[in-house]
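Read off the chains here:
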Amino acid sequence: MRIQQKIYILLLIVSVIIFIIFRFPYREFIYENNYFDFYIADVAPNFWAVPMYFFFKKSFKKSPSNIRLALGSFLGLVVYEIWIQKYIYNATLDYLDILASLISSIVFYFLCEYLDKKLHKTNV
């Protein structure tokens, strides 16, 4: 297994842990105590779903380009937000979740571009 794959697997594990923390204990704590946290509890799961997808796909031997990962993760979460939330869960469309997904896709696109360049230099 290449060093890049190991690093992306480690980043996947870290992003899953962060996602779980924000999705369950943090969100429940904020909602139960009626704190205003600038909507972090609302949008954090969508924000951290993007790096989970990125790092999962990057951990494969042959991974898609970062731009494809960014577009795929963003469009996937938009479809989830528009169709699945609305028609399966009967929840309302949350524009902040879509905005968080967009910001996360952009942030992790640039982060992976940077990591790919750094990891490629160390492997040459």
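Owing to the predicted nature of the structure, the values given are computational and were not obtained by experimental measurement. (Residues numbered from 1 in each chain as written. Predicted model: local features only at pLDDT ≥ 70, side-chain atom pairs only at ≥ 80, totals over all residues. Heavy atoms only, no water.)

Details of the packing of aromatic side chains
Here a ring pair, both rings aromatic, is described through the centre-centre distance and the interplanar angle of the planes.
Part 1 of the argument: A complete count under the given rule lists 12 aromatic pairs for this structure.
Part 2 of the argument: Judged by centre distance (4.9 Å) and plane angle (75°), the rings of F56 and F60 are edge-to-face.
Part 3 of the argument: Since its relative accessible area comes to 41%, F56 is described here as partly exposed.
Part 4 of the argument: The exposure class assigned to F60 is partly exposed, which follows from its relative accessible area of 35%.
Part 5 of the argument: Three or more aromatic residues link up through ring pairs in this structure, and these residues are Y8, F47, W48, F55 and F108.
Part 6 of the argument: The side chain of R23 reaches across the aromatic face of F24, ending 5.2 Å from its centre. (Phe/Tyr/Trp six-rings, centres within 6.5 Å; stacked < 30°, edge-to-face > 60°. Buried < 20%, exposed > 50% of the residue type's maximum accessible area, 1.4 Å probe, protein only. Lys NZ or Arg CZ within 6 Å of the ring centre and 35° of its normal.)

A few points about the environment of L12
Part 1 of the argument: Here L12 lies in helix 1 (residues 3-33).
Part 2 of the argument: Those residues within four positions of L12 in sequence are excluded, and the remaining contacts are M52, F55 and F56. (Helix = DSSP H or I, 4+ residues; strand = E, 2+ residues; numbered from the N terminus. Contact = heavy atoms within 4.5 Å.)

Focus: unusual backbone geometry
Part 1 of the argument: Of note in the backbone geometry, F38 takes a positive phi value of approximately 60° without being a glycine.
Part 2 of the argument: Mapped onto the elements of the fold, F38 is located in the loop between helix 1 and helix 2 (40-58).
Part 3 of the argument: Note on F38: relative accessible area 65%, which makes it exposed.
Part 4 of the argument: At Y39, a residue that is not glycine, the phi angle is positive and equals roughly 70°.
Part 5 of the argument: Along the polypeptide, Y39 turns up in the loop between helix 1 and helix 2.

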